[in-house]
Amino acid sequence: MIKDTRFTDQHGTVLMLGNEAIVRGSLEAGVSYVAQYPGTPTSDIGETFQTIIGQEPIFHEALIHHWAINEAVASSECAGAAWTGCKVLNPMKHVGLNVASDALSVIALNGPNPGAMVIVVGADPGSLGSHQEQNERFYTWMFHFPCFEPHTPQECKDFTKLAFELSEKYDTVFEIRTSTRSAHSRGYVDLEPLKNGLAKGKFIRNIPKFNSLPPHAISNHIRLYERIEAIRSIIPTLNINKIYPGKNSVGIITSGMSFGYSIEALNQLGIDDVPILKLGMIYPLNYEEITKFIRNLKKVIIIEELEPFLEVKIAEIAQKFKIDIEIFGQEYFPKYNEYSTGLVANRLANLFGIESNDKIHNAIELYNSYKNTIPSRFPTFCAGCPERATLYTILKATNNLENTVVCGDIGCFVMSFFPPQQCSDLIICMSGGLSAAIGMSEKTDQKIIALIGDSTFLHTGMAPLTEAANYDSNILLFVFENNWTAMTGHQPVLGLTEKRLSIEKICNAVGVSWVKVEDSYNPKQLIKTINEGLNTKGFKVIIVKRECALQAHRWRQTKIKELTQKGNKVQEISYYIGGCQLCYECARILSCPALRKVRIDNLEEMQIDQERCIKCGVCYEICPNGAIRKSIINLFEEEVPFREL
């Protein structure tokens, strides 16, 4: 195996993802504490830290990474470490900033000194890995986080390193804003020497600084404004904002990935005389830089994804300094979904009054042509997913949700609102399903089911659990205990993966009297328990314990390989179909992707794809016609079942 030395080499040029470059920049700055809750597109920042801490002895003494229970806890953890003098990194996704906002609003007032604190916020225009595409940039203005928005992996590294330096110097929380695209784009990065982090610090009492309550809250607020203005004044000296000169009377101001789209679009349109101001820092803006760029222009075009954050600020500056200029932005560029070179090129062609050329049209047509080549299909659960099996049992127990409302939540099971299950009636946010169910149960006689994952349960689910238990709300709650934060890359569920916590005991402790632990791979028993729960008044909890199918299958295959390499024989289980009556119970209700319809000798029947099947046996259990058969080879040899949670 070739050792990855990109995080230990002192010099050189290496290929990195944007997220990896942020890790490298943090190490060059001397980071010693990192805490985060996993969330796309920032999860792999934590994965990278976990890997290098485990593999590189040089980081064992000083560097700590925590998978936190939620974002608010992670931010406060980081603040505590910073207040001992450490440099801390706090990554999160854009909606994670909502969870952390209560803590960060105060941490920003206090400031991170004597240490430094950098938050990384991964935006998600287009909702590529999130339940919405909220424009979190407005938090930078509300909480006064100076914010860098890198475009390339090199900038990801450089801006992170600079953010730590400025955070320590100005006692200010700094933000690095990435997007799904910039976080996961690759580019070459020039390395600089690593800096040792602080292994142990010391907290020094300072009540006015660390207690933002009256009267200190007002003083810290005033001091925060002073720090922001000091940072605003030094922006031109940082060389993070770049001007690409041009003689055209129409200019462009942009940042981050939108800059890349803009450059490519101008090249496609054959326009090479447009001046561009590429902002590396999007908050605060330096008045002199902005006014100097726009003063001699007739028009300026603001290209930014989502709501007009920069447009509003630049219009404010133009008015403040009485500069008469037309500003174009939101009326030409959409305030939703992620951009593309083709979209930006078409809008710029409209603004400049020119025709889009054949190159642009051909690129768009080629992109659209893939829709005919690649089959369109809804996102779905993996073969053998225990959550799929649970949803099947809910549909069967409720006669396809007759007089039943299902309050969904965040996790792999968000896909349950797609066909064929279509059994999530609402999605709000993490633990919002149970919270909504509490209110709904008071105002309708319909049966109310709520869903929650184990990671979400610990993230923010225990508060609504306690409320539902104390009001004895007429709800049947399903807790999917699969042991992994599967949707963001199989990070551990803190406490459960290590078997230190029990969801069942937590439910009992807050006063839930009706708690059942079931297995979705035993669907007939689970259907009976669901019927019992739905016919029992008050608050009920069914904990469905079954490991994520991907992780369970990997573990099982590893164990089988280990045994066979030692010369041991193991049982080989397979499922096959014979005498299928095409009732579609397995295909349209369970809808496992390992099942498919085929034509053999001009007869249609269902078939099990042995390459996809993980041998969970759920289809075998639920087939109403006994057409799915089970075969065991080496019956009397060692059995390797899925591991129990």
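For the structure itself, look to the data block above.
One structure accompanies this document, and this report is about it. Keep in mind the model is a prediction, meaning the values are calculated, not measured.

1. Observations regarding the side chain of Gln-491
- Within the secondary structure, Gln-491 sits in strand 19 (residues 491-492).
- Residue Gln-491 is classed as buried on the basis of its relative accessible area, which comes to 1%.
- Engagement of the side chain of Gln-491 in a polar contact is seen with the side chain of Glu-47, the distance being 2.8 Å.
- Ignoring any residue separated from it by four or fewer positions in sequence, one finds Gln-491 in contact with Pro-38, Ser-43, Glu-47, Trp-67, Trp-484 and Thr-485.

2. Examining a nonpolar patch on the surface
- Among the surface-exposed residues, Ile-632, Leu-635 and Phe-636 lie close enough to one another that they form a single nonpolar patch of about 350 Å² accessible area.
- Relative to the assigned elements, Ile-632 resides in strand 25 (residues 628-633).
- Residue class for Ile-632 comes out partly exposed when judged on its relative accessible area of 34%.

3. Brief notes about the layout of surface pockets
- In this structure, the largest pocket encloses a volume near 900 Å³.
- Together, 43 residues line the largest pocket, and Lys-93, His-131, Ile-410, Gly-411 and Met-487 are the ones closest to its centre.
- Breaking the lining of the largest pocket down by element, the ones donating at least two residues are helix 4 (96-110), helix 17 (454-471) and strand 18 (484-485).
- Counting residues per element, the lining of the largest pocket draws most heavily on helix 17, which supplies five residues.

4. Side note on the sheet that holds strand 20 (residues 514-518)
- Here we have five strands laid out as an open sheet, ordered 15-16-17-21-20, and parallel in their pairing. Looking at strand neighbours, the two that pair on one side only are strand 15 (404-407) and strand 20, the edges of this open sheet. Ignoring strand direction, the axes of neighbouring strands in this sheet form an average angle of 20°.
- The sheet contact formed by strand 17 (residues 476-481) and strand 21 (residues 540-545) spans six bridges and is parallel. By the bridge assignment for strand 21, Leu-476 is matched with Lys-540.
- Contacts from helix 19 (residues 523-534) reach strand 16 (447-453), strand 17, strand 20 and strand 21 within the one sheet, and its direction differs from that of strand 20 by about 165°.

5. Let's talk about the environment of Ser-591
- Locating Ser-591 in the fold gives a position in the loop between helix 21 (585-590) and strand 23 (595-600).
- Overall, Ser-591 belongs to the buried group, its relative accessible area being 9%.
- In this view, Ser-591 contacts Arg-388, Pro-420, Gln-421 and Cys-586; residues no more than four positions away in its chain are not counted.

6. Focus on the nonpolar core
- Counting 39 residues, the largest nonpolar core has Leu-27, Phe-49, Leu-63, Leu-89 and Phe-148 as the members making the most contacts within it.
- Secondary-structure elements contributing two or more residues to this core are strand 1 (12-17), helix 1 (18-29), helix 2 (43-55), strand 5 (116-123), helix 6 (153-170), strand 7 (174-179), strand 8 (186-191) and helix 9 (216-238).
- A total of seven residues in this core trace back to one element, the largest contributor, which is helix 6.
- Look past the residues within four positions of Phe-49 in its chain and what remains in contact with it is Val-23, Ser-26, Leu-27, Val-31, Val-34, Leu-63, His-65 and Leu-89.
- In this structure, Tyr-37, Val-406, Phe-413 and Trp-514 belong to the second largest nonpolar core, which totals 28 residues.

7. What about helix 11 (residues 287-294)?
- What helix 11 keeps buried is the set Glu-289, Ile-290, Thr-291, Phe-293 and Ile-294.
- Here the buried face of helix 11 lies against helix 9, strand 9 (242-244), strand 10 (250-255), strand 11 (276-279), strand 13 (299-303) and helix 12 (309-320).
- The backbone nitrogen of Glu-288 has a side-chain oxygen 3.1 Å away, supplied by the residue at the start of helix 11, namely Asn-286.

8. Some thoughts on the sheet that holds strand 7
- The mixed open sheet is built from seven strands, whose spatial order is 3-2-4-5-7-6-12. Unpaired on one side and paired on the other, strand 3 (64-67) and strand 12 (281-283) mark the two borders of the sheet.
- For strand 5 and strand 7, the ladder comprises six bridges, and the chain directions are parallel. Each bridged residue has a counterpart across the sheet, and for Ala-123 the counterpart in strand 7 is Ser-179.

9. What about empty space enclosed by the protein?
- Under the definition given, this model contains six cavities of 30 Å³ or more.
- Space inside the largest cavity adds up to approximately 150 Å³.
- The residue inventory of the lining of the largest cavity, partitioned by class, reads 14 nonpolar, two polar and two charged.
- When the residues that make up the lining of the second largest cavity are grouped by side-chain class, the tally is eleven nonpolar, two polar and one charged.

10. Quick word on the pairing of strand 23
- Sheet analysis places strand 23 next to strand 24 (residues 603-608), joined by six bridges and oriented antiparallel. Residue Ile-600 lies in a different strand from strand 24, and its bridge partner there is Leu-603.
- The turn linking strand 23 back onto strand 24 is made up of two residues, and Asp-601 within it adopts a positive phi angle of 50°.

11. Observations regarding unusual backbone geometry
- With an omega of 15°, the peptide bond running from Asn-113 to Pro-114 counts as cis.
- Inspection of the secondary structure puts Pro-114 in the loop between helix 4 and strand 5.
- The residue after Pro-419, namely Pro-420, is reached through a cis peptide bond having omega 5°.
- Looking at the secondary structure, you find Pro-420 in the loop between strand 15 and helix 16 (432-443).
- Unlike most non-glycine residues, Asn-239 shows phi in positive territory, near 60°.
- A residue is classified by how much of its surface remains accessible, and Asn-239, at 62% relative accessible area, is exposed.
- A positive phi angle is found at Leu-582, which is not glycine, with a value near 50°.

12. Thoughts on the side chain of Glu-547
- Along the chain, the position of Glu-547 falls in the loop between strand 21 and helix 20 (549-565).
- You can call Glu-547 buried: its relative accessible area is 2%.
- Here the side chain of Glu-547 touches Arg-643 through a polar contact of 2.7 Å, side chain to side chain.
- The contact partners of Glu-547, leaving out residues within four places of it in the chain, are Pro-386, Asn-482, Trp-484, Ala-552, Arg-643 and Leu-645.

13. Observations concerning the packing of helix 6 against helix 9
- Taken N-terminus to C-terminus, the directions of helix 6 and helix 9 make an angle of 140°; their axes are 11 Å apart at the nearest point. Compared by their axis directions, helix 6 and helix 9 come out oblique. Note that helix 6 runs across helix 9; the crossing there is right-handed. Along the contact surface, helix 6 presents Leu-162, Leu-166 and Tyr-170, while helix 9 presents Arg-227, Ala-230, Ile-231, Ile-234 and Leu-238.
- Considering only residue class, the contact of helix 6 with helix 9 consists of seven nonpolar, no polar and one charged.

14. Concerning the packing of aromatic side chains
- Within the structure shown, the criterion is met by 15 aromatic pairs.
- Look at Tyr-139 and Phe-143: their rings are 5.4 Å apart centre to centre, the planes differ by 40°, and that puts the pair in the tilted class. Residue Tyr-139 and its partner Phe-143 are both found in helix 5 (residues 138-143); the two are separated by four residues, about one turn of the helix. Neither residue differs from the other here; Tyr-139 and Phe-143 are each classed as buried.
- Members of the aromatic cluster, connected to one another through ring pairs, are Trp-83, Phe-203 and Phe-210.
- Between the NZ or CZ atom of Lys-278 and the centre of the ring of Phe-259, over which it lies, the distance is 5.6 Å.

Criteria and cut-off values
Residues numbered from 1 in each chain as written. Predicted model: local features only at pLDDT ≥ 70, side-chain atom pairs only at ≥ 80, totals over all residues. Heavy atoms only, no water. Helix = DSSP H or I, 4+ residues; strand = E, 2+ residues; numbered from the N terminus. Buried < 20%, exposed > 50% of the residue type's maximum accessible area, 1.4 Å probe, protein only. Polar contact = N/O pair within 3.5 Å; in protein donor to acceptor, adjacent residues only side chain to side chain. Contact = heavy atoms within 4.5 Å. Patch = residues over 30% accessible without salt bridge, like charges linked within 9 Å, V, L, I, M, F, W, Y side chains within 5 Å. Areas by Shrake-Rupley, 256 points an atom, 1.4 Å probe, with all protein chains shown as cover. Salt bridge = Lys/Arg side-chain N within 4 Å of Asp/Glu carboxyl O. 1 Å grid on protein atoms, 1.4 Å probe; cavity = no way out; pocket = protein on both sides within 12 Å on 5 of 7 lines; lining within 4 Å. Points joined across faces, edges and corners; volume = space filled by probe spheres on them. Pairing = 2+ DSSP bridges. Axes fitted to C-alpha atoms, helices over the stretch in contact; angles between N-to-C directions. Core = buried A, V, L, I, M, F, W, Y, C linked by side-chain atoms within 4.5 Å. Nonpolar A, V, L, I, M, F, W, Y, C, P; charged D, E, K, R; others polar. Parallel < 35°, antiparallel > 145°, perpendicular 65-115°, else oblique. Left-handed = near helix turned anticlockwise from the far one by under 90°. Phe/Tyr/Trp six-rings, centres within 6.5 Å; stacked < 30°, edge-to-face > 60°. Lys NZ or Arg CZ within 6 Å of the ring centre and 35° of its normal.

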